[in-house]
Amino acid sequence: MRRPDDSPDWMWADALAALGRAERLHRQFFQPRRAPVPTWEPPVDVLEDEREVLIYVALPGVGQGDVQAVIDGGELVVSGRRLLPRPFGSAVIHRLELPQGRFERRVPLPPGRYAGVRVGSENGCLVISLQKAT
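Let me sum up the structure you'll find in this document. (Residues numbered from 1 in each chain as written. Predicted model: local features only at pLDDT ≥ 70, side-chain atom pairs only at ≥ 80, totals over all residues. Heavy atoms only, no water.)

As for the sheet that holds strand β4 (residues 75-82)
So the rule is basically this: A pair of strands is treated as paired once DSSP finds two or more bridges between them. Under the scheme used here, helices are H or I runs from DSSP no shorter than 4 residues and strands are E runs no shorter than 2 residues, and both carry numbers assigned from the N terminus. As a rule, the C-alpha atoms of each element are fitted with a line to give its axis, helices using only the stretch in contact, and angles between N-to-C directions run from 0 to 180 degrees.
Pairing is antiparallel in the open sheet, where three strands are placed in the order β3-β4-β5. Both outer strands of the open sheet, β3 (67-72) and β5 (101-108), are each paired with one neighbouring strand and no more. For this sheet, the mean angle separating the axes of adjacent strands, direction not counted, is 15°. By the bridge criterion, eight bridges tie β4 to β5 in an arrangement that is antiparallel.

Encoded structure:
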């Protein structure tokens, strides 16, 4: 709050600020409920040549079987969960920089049709290969 000696319009400025805060709270309160929001998004690289589209998703410590990848419209949706390894369950954590918990990444795909999908892993990345249809 401003004091009366800050500006001759202090009451008006405070009223506008309060209205702005109320509007933001109103939008948050009345947003439609959705599925739980992912806590983080892994970085991706998307490469394309004449035969395929390759998507590299940086997921160190996440097993290939712990990830779901589906095509939804024109997007590839990659989701799953990264959890602390079991030995760290009772350990004292001195630093924790790799994100933990639920993740989801939506990757817009280049236009086209895809005939086959291969999923693998390479150097800590999930690698998804989308074969182009001829």
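Things to note about the packing of aromatic side chains
The criterion, for reference: Here the aromatic set is Phe, Tyr and Trp, taking the six-membered ring for Trp, and pairing holds for ring centres within 6.5 Å; pairs whose planes are under 30 degrees apart are stacked, those over 60 apart are edge-to-face, and all others are tilted. Per-residue accessibility, obtained with a 1.4 Å probe over protein chains only, is compared with the maximum for each type, and a residue is labelled buried under 20%, exposed over 50%, and partly exposed between these values.
Going through the model one piece at a time under the given rule, you end up with one aromatic pair. Consider the rings of W40 and F103, whose centres lie 5.1 Å apart with planes at 50°: the pair is tilted. With W40 in the loop between α1 (10-29) and β1 (44-48) and F103 in strand β5, this pair connects stretches of sequence that are 63 residues apart. Judged by its relative accessible area of 11%, W40 is buried.

Overview of the pattern of salt bridges
A side chain of one charge can pair with a side chain of the opposite charge if their charged atoms are brought near each other. Condition: The term salt bridge refers to a pairing of a side-chain nitrogen on Lys or Arg with a carboxyl oxygen on Asp or Glu at a separation within 4 Å.
Per the counting criterion, the structure on display carries nine salt bridges. Between E52 and R118 there is a salt bridge, and its shortest N-O distance comes to 3.6 Å. Of this pair, E52 sits in strand β2 (residues 52-58) while R118 sits in strand β6 (residues 114-122), placing them 66 residues apart in sequence. The network of salt bridges with common partners includes D72, E75, R102, E104 and R106.

Comments concerning the sheet that holds β2
Across the sheet, four strands lie side by side as β1-β2-β7-β6; this open sheet has antiparallel pairing. Edge positions in the open sheet fall to β1 and β6, since each of these has one partner strand only. Looking at each pair of strands side by side, their axes are set apart by 15° on average, direction ignored. Sheet analysis places β6 next to strand β7 (residues 125-132), joined by eight bridges and oriented antiparallel. What sits directly across from E122, in β7, is C125.

Details of the nonpolar core
Just so we agree on the cut-off: Residues grouped as a nonpolar core are buried Ala, Val, Leu, Ile, Met, Phe, Trp, Tyr and Cys residues, joined through side-chain atoms within 4.5 Å. Any two residues whose heavy atoms approach within 4.5 Å are treated as being in contact.
Residues I55, L59 and V78 are the most contacted members of the largest nonpolar core, which totals 15 residues. Taken together, the elements giving at least two residues each to this core come down to β2, β4, β5 and β7. Dropping the residues within four chain positions of it, I55 is found in contact with D45, V46, L76, L109, L126, V127, I128 and L130.

Here's the deal with a nonpolar patch on the surface
Selection rule: Residues with no salt bridge and a relative accessible area higher than 30% make up the patches, which join like charges within 9 Å and nonpolar side chains (Val, Leu, Ile, Met, Phe, Trp, Tyr) within 5 Å. Surface accessibility in these figures is a Shrake-Rupley result with a 1.4 Å probe; residues are shielded only by whichever protein chains are displayed.
Residues W12, L16 and L19 make up a contiguous nonpolar surface patch of roughly 370 Å² in combined accessible area. The partly exposed category is assigned to L16, whose relative accessible area is 44%.

Describing the layout of surface pockets
Heads up, the rule is: Buriedness of a pocket was judged along seven lines, with at least five required to meet protein on both sides within 12 Å; pockets are open sets of points on a 1 Å grid over the protein atoms alone, cavities are sets where a 1.4 Å probe fits but cannot get out, and lining residues have an atom within 4 Å of a point. Grid points are joined across faces, edges and corners, and a volume is the space filled by probe spheres set on the points.
Taken as a whole, the largest pocket encloses approximately 160 Å³ of empty space. The wall of the largest pocket is formed by G61, V62, G63, D66, G80, R81, R82, L83, L84 and P85.

A closer look at unusual backbone geometry
A positive phi angle is found at N123, which is not glycine, with a value near 50°. N123 gets classed as exposed once you look at its relative accessible area, which sits at 76%.

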